[in-house]
Amino acid sequence: MRPRVLRDVSRIDLSTTVLGEPVPHPILVAPTASQRLGHPDGELATARGAAQAGSLMVISTRASATIEAIAAAAPEAQRWFQVYVMRDRGWTSQLVQRAEAAGATALMLTADTPYVGSKRRSTKSLLDDVSMANRPSHAPIEQGEAHDPSITFDVIAWLREQSGLPVIVKGVLRGDDARRCIEAGASAVVVSNHGGRQLDGAVATARALPEVVASVGTDAEVYVDGGIRRGVDVLCALALGARAVLIGRPVLWGLTTGGADGVAAVLQALRDELHEAAGLAGAATIAEITDDLLTQR
Ligand SMILES: Cc1cc2nc3c(=O)[nH]c(=O)nc-3n(C[C@H](O)[C@H](O)[C@H](O)COP(=O)(O)O)c2cc1C
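The shown structure was predicted, so the numbers you read here are calculated from the model rather than taken from an experiment. (Residues numbered from 1 in each chain as written. Predicted model: local features only at pLDDT ≥ 70, side-chain atom pairs only at ≥ 80, totals over all residues. Heavy atoms only, no water.)

Caption draft 1: Examining the overall build of the protein chain more closely. Tallying secondary structure elements over the protein chain gives eight helices and ten strands in all. For 297 residues, the compact-globule estimate of 2.2 N^0.38 gives 19 Å, and the protein chain sits close to it at 18 Å. Seen through its principal axes, the protein chain has C-alpha atoms that stretch 65 × 40 × 40 Å. Looking at the protein chain residue by residue over its 297 residues, the buried ones come to 51%. Pairs at least 24 residues apart make up 71% of the contacts formed inside the protein chain by residues separated by at least 6 positions. Per element, the accessible surface of the protein chain, about 13,400 Å² overall, is 51% carbon and sulfur. Between the mean site of the 29 positive side-chain charges and the mean site of the 33 negative ones, the protein chain shows a separation of 4 Å. (Helix = DSSP H or I, 4+ residues; strand = E, 2+ residues; numbered from the N terminus. Rg over C-alpha atoms; globule rule 2.2 N^0.38 Å. Buried < 20%, exposed > 50% of the residue type's maximum accessible area, 1.4 Å probe, protein only. Contact = heavy atoms within 4.5 Å. Areas by Shrake-Rupley, 256 points an atom, 1.4 Å probe, with all protein chains shown as cover. Lys, Arg positive; Asp, Glu negative; His and termini not counted. Charge placed at Lys NZ, Arg CZ, Asp CG, Glu CD.)

Caption draft 2: Focus on the packing of helix H5 (residues 175-183) against helix H6 (residues 205-216). Viewed as axis vectors pointing N to C, H5 and H6 meet at an angle of 40°, and their least axial separation amounts to 8 Å. Overall, the two elements H5 and H6 adopt an arrangement that is oblique. In this structure, H5 crosses over H6, and the sense of that crossing is right-handed. Seen from H5, the contacting residues are Gly175, Asp176, Ala178, Arg179 and Ile182; seen from H6, they are Glu211, Val212, Ser215 and Val216. (Axes fitted to C-alpha atoms, helices over the stretch in contact; angles between N-to-C directions. Parallel < 35°, antiparallel > 145°, perpendicular 65-115°, else oblique. Left-handed = near helix turned anticlockwise from the far one by under 90°.)

Caption draft 3: Structural context of the packing of aromatic side chains. Following the criterion strictly, the structure yields one aromatic pair and no others. Over the aromatic face of Trp158 sits the side chain of Arg89, whose NZ or CZ is 4.7 Å from the ring centroid. (Phe/Tyr/Trp six-rings, centres within 6.5 Å; stacked < 30°, edge-to-face > 60°. Lys NZ or Arg CZ within 6 Å of the ring centre and 35° of its normal.)

Caption draft 4: Representation of the site of the ligand. Taken together, 22 residues form the shell around the ligand, and within it Pro31, Ser60, Thr110, Asp225 and Gly227 come nearest. Within the side chain of Ser192, a nitrogen or oxygen atom sits 3.3 Å from an oxygen atom of the ligand. Contacts to the ligand include Gly248, whose backbone N or O atom sits 2.9 Å from an oxygen atom. Relative to its unbound accessible surface of 610 Å², the ligand loses 93% to contact with the protein. (Near = heavy atom within 4 Å. Polar contact = N/O pair within 3.5 Å; in protein donor to acceptor, adjacent residues only side chain to side chain.)

Caption draft 5: Up close: the packing of helix H3 (residues 89-101) against helix H4 (residues 154-161). It is at 10 Å that the axes of H3 and H4 come closest, and there the two elements cross at 50°. As judged from the angle between their axes, H3 and H4 are oblique. Facing Arg89, Thr92, Ser93 and Val96 of H3, the residues of H4 in contact are Val155, Trp158 and Leu159. Split by residue class, the contact of H3 with H4 holds four nonpolar, two polar and one charged. (Nonpolar A, V, L, I, M, F, W, Y, C, P; charged D, E, K, R; others polar.)

Caption draft 6: Looking closely at helix H7 (residues 231-239). Of all the residues in H7, the buried ones are Gly231, Val234, Leu235, Ala237, Leu238 and Ala239. Here the buried face of H7 lies against strand E3 (27-29), H6, strand E9 (221-225), strand E10 (244-247) and helix H8 (249-281). Of the residues one or two after H7, Gly241 is the one with positive phi, at around 115°.

Caption draft 7: Main features of the side chain of Arg4. Looking at where Arg4 falls in the secondary structure, it is placed in the segment before strand E1 (16-18). Residue class for Arg4 comes out buried when judged on its relative accessible area of 16%. For Arg4, the side chain forms a polar contact with the main-chain oxygen of Gly282, separated by 3.4 Å. Of note is the side chain of Arg4, whose polar atom sits 2.9 Å from the backbone oxygen of Glu288. Every residue in contact with Arg4, bar those within four places of it in the chain, is listed here: Leu280, Ala281, Gly282, Ala283, Glu288, Thr290, Asp292 and Leu293.

Caption draft 8: Geometry of H3. Compared with the 18 Å implied by 1.5 Å per residue over 13 residues, the 18 Å span of H3 between its first and last C-alpha is a close match. When H3 is considered as a whole, its buried residues turn out to be Trp91, Thr92, Ser93, Leu95, Val96 and Ala99. On its buried face, H3 sits against helix H2 (67-73), strand E5 (79-83), strand E6 (104-110) and H4. Where H3 begins, one side-chain oxygen reaches toward the backbone nitrogen of Gly90, 3.2 Å away; that side chain belongs to Asp88. Just downstream of H3, Gly103 is the residue with a positive phi angle, here 95°. (Expected span 1.5 Å × (residues − 1).)

Caption draft 9: Fine view of the pattern of salt bridges. Taken as a whole and assessed by the stated rule, the structure comprises nine salt bridges. With a closest N to O distance of 3.4 Å, Asp148 and Arg89 form a salt bridge. Of this pair, Asp148 sits in the loop between E6 and H4 while Arg89 sits in helix H3, and the two are 59 residues apart along the sequence. In this structure Asp148 comes out as buried when scored by relative accessible area, which is 12%. (Salt bridge = Lys/Arg side-chain N within 4 Å of Asp/Glu carboxyl O.)

By themselves these figures say nothing about function.
See the structure below:
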């Protein structure tokens, strides 16, 4: 970091917008599956904790509670819905419409999971009662079997036709792919390697981010996730050009150890650390977090 000195940082405003929606800070909750593995209240607790901390939550297609129940747990909160496009398009379409009816304001298409990457340290299948709560009764339970590995950029237009919602593409690691997503109708992309859980050896997101930001320009928004653990990591991501960050595992750790309050505590700590880091870097607003704060990109 190259902090600036003697800027008036007596007031620090972390508020911004994502796809035009005002948010109090740029720290969002990443979609993660099967949250009841961590806490009996699962996604319902995450929804409450995120709302308490002012974080927009992205609900996973693989949630272990219904979309409607998650929405009802925090009715006033902002939410997006993460989409895995299934071989059964009718199912996907129905999920999207349920999400829209439950107040989701955008769809996040996860593009890096044509197959679910194997995790050698957790090969046990999920307990039946935390399997996908939003699948139709005839759908396969097994991990990944249901995903359609044949989808291409055309699926973005298809997804847009299923609802009135904007589409964000998650899992983009290249400038050329980001451009193609936008040309195909995406409103934003998430630079993500799925927390290192898909292609082993995939580029770190902090390295991929500048290429994607340069390629997208002002035509769409760019968010990032992966390994964001401290406020200064958020500061760095924003300086590299991200508009917002998503938090995966730390939210699950908060959920597992403290339910809704644990989720809120994790997100509030990140927000408070970002507040401090911005102040110490000489940035009083999100707009003042620019790439000159970095020694290298
Ligand atoms: C247990 C777990 C489950 C996940 N499930 C999903 C999912 O259902 N859909 C999705 O798009 N990403 C999923 N992800 C990826 C996260 O959205 C995110 O990209 C990743 O965790 C990176 O952030 P982190 O380093 O803060 O965890 C999952 C990640 C974890 C750790």
